[in-house]
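A look at the structure
Chain residues, written in single-letter form:
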Amino acid sequence: DASSPVIERNYITANTAITGGGVYLVKFSGASLTENRIISNTATDAGGGVYLKQSDALLDQLTILSNTARLGGGFYAKLGSATFKRSTVVSNTASFRGGGLYLDETAATVQESFVYSNSAEADGGGIFVLRSSEAKLLDMDIRHNLALSNGGGIAIYDSDMNLKGNTVISNSALLQGGGLYLD
């Protein structure tokens, strides 16, 4: 594993990449991202704002705003056990899945965060979860997200995960599960 970087109080904006438009972290144990503003970044594939893979990271008090990607407009996590908390994920867009957050094969804990006004052209306007049985969504506020297919607020596929204490209000899906879709 790589070192344990501390990324704190930065303004990361208007960047582009294939993956990780704003921030790209792979194979880090103990990385810490705190009080960063990650705004208006673009990834043509995954993680418009933040891309996290095979990493155990703490993400705390982030503002993830107006980022775009095919998967995970705001945040993309795969194969790790990140803790994502006390953050705001607003107005991010995915051209496929996970407008705000995309969690794939991860044991991430996402808690005490706001996920507002994100959109996906397919599933999971606010949050998209795939094959993540150890993932947790705790005490979240998920509002005004839009999916053009399933799961306006949250779309969950092949995951036996823990959802507790969440507020899911005024989300929309053009097909099934305006608030919550499980398959």
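In this report, the structure presented in the accompanying data block is examined. (Residues numbered from 1 in each chain as written. Predicted model: local features only at pLDDT ≥ 70, side-chain atom pairs only at ≥ 80, totals over all residues. Heavy atoms only, no water.)

1. Details of unusual backbone geometry
Phi is positive for Asp-139, which is not a glycine, with a value near 50°. Of note, Asp-139 is situated in the loop between strand S21 (136-138) and strand S22 (141-143). Within the chain, Asp-158 stands out as a residue other than glycine whose phi angle is a positive 50°. As for its position among the elements, Asp-158 is in the loop between strand S24 (154-157) and strand S25 (162-164). (Helix = DSSP H or I, 4+ residues; strand = E, 2+ residues; numbered from the N terminus.)

2. Brief notes about the sheet that holds strand S19 (residues 119-120)
Remark on secondary structure: sheet strands pair via backbone hydrogen bonds, oriented parallel or antiparallel. If you walk across this open sheet you meet the seven strands as S3-S7-S11-S15-S19-S23-S27, and the pairing is parallel. Taken across any chain shown, the strands that pair with only one partner, and hence form the sheet edges, are strand S3 (16-19) and strand S27 (172-173). (Pairing = 2+ DSSP bridges.)

3. As for the pairing of strand S16 (residues 101-104)
With burial as the criterion, each face of S16 is covered, one bearing Leu-101 and Leu-103 and the other bearing Tyr-102 and Asp-104. Taken together, the four bridges between strand S12 (residues 75-78) and S16 define a ladder with parallel strand orientation. By the bridge assignment, Lys-78 is partnered in S16 with Asp-104. Where S16 and strand S20 (residues 127-130) come together, four bridges link them in parallel fashion. Pairing of Leu-101 across the sheet is with Ile-127, part of S20. (Buried < 20%, exposed > 50% of the residue type's maximum accessible area, 1.4 Å probe, protein only.)

4. Some points on the packing of aromatic side chains
Counting across every chain of the model gives eight aromatic pairs. Ring centres of Phe-128 and Tyr-157 lie 5.5 Å apart, and the angle between their planes is 40°; this geometry places the pair in the tilted category. Here Phe-128 is found in strand S20, whereas its partner Tyr-157 is found in strand S24, with 29 residues between them in sequence. Per residue, the accessibility class of Phe-128 equals that of Tyr-157, and both read buried. For the pair Tyr-157 and Tyr-181, a centre-to-centre distance of 5.5 Å together with 50° between the ring planes defines the contact as tilted. Pair noted here: Tyr-157 is in strand S24 and Tyr-181 is in strand S28 (residues 180-182), with a separation of 24 residues, a long-range link. Taken individually, Tyr-157 and Tyr-181 each receive the classification buried, so the pair is uniform in this respect. Clustering of aromatic rings is evident, with ring pairs tying together Tyr-24, Tyr-51, Tyr-76, Tyr-102, Phe-128, Tyr-157 and Tyr-181. One cation-aromatic arrangement involves Arg-97 over Tyr-157; the distance from NZ or CZ to the ring centre is 5.2 Å. (Phe/Tyr/Trp six-rings, centres within 6.5 Å; stacked < 30°, edge-to-face > 60°. Lys NZ or Arg CZ within 6 Å of the ring centre and 35° of its normal.)

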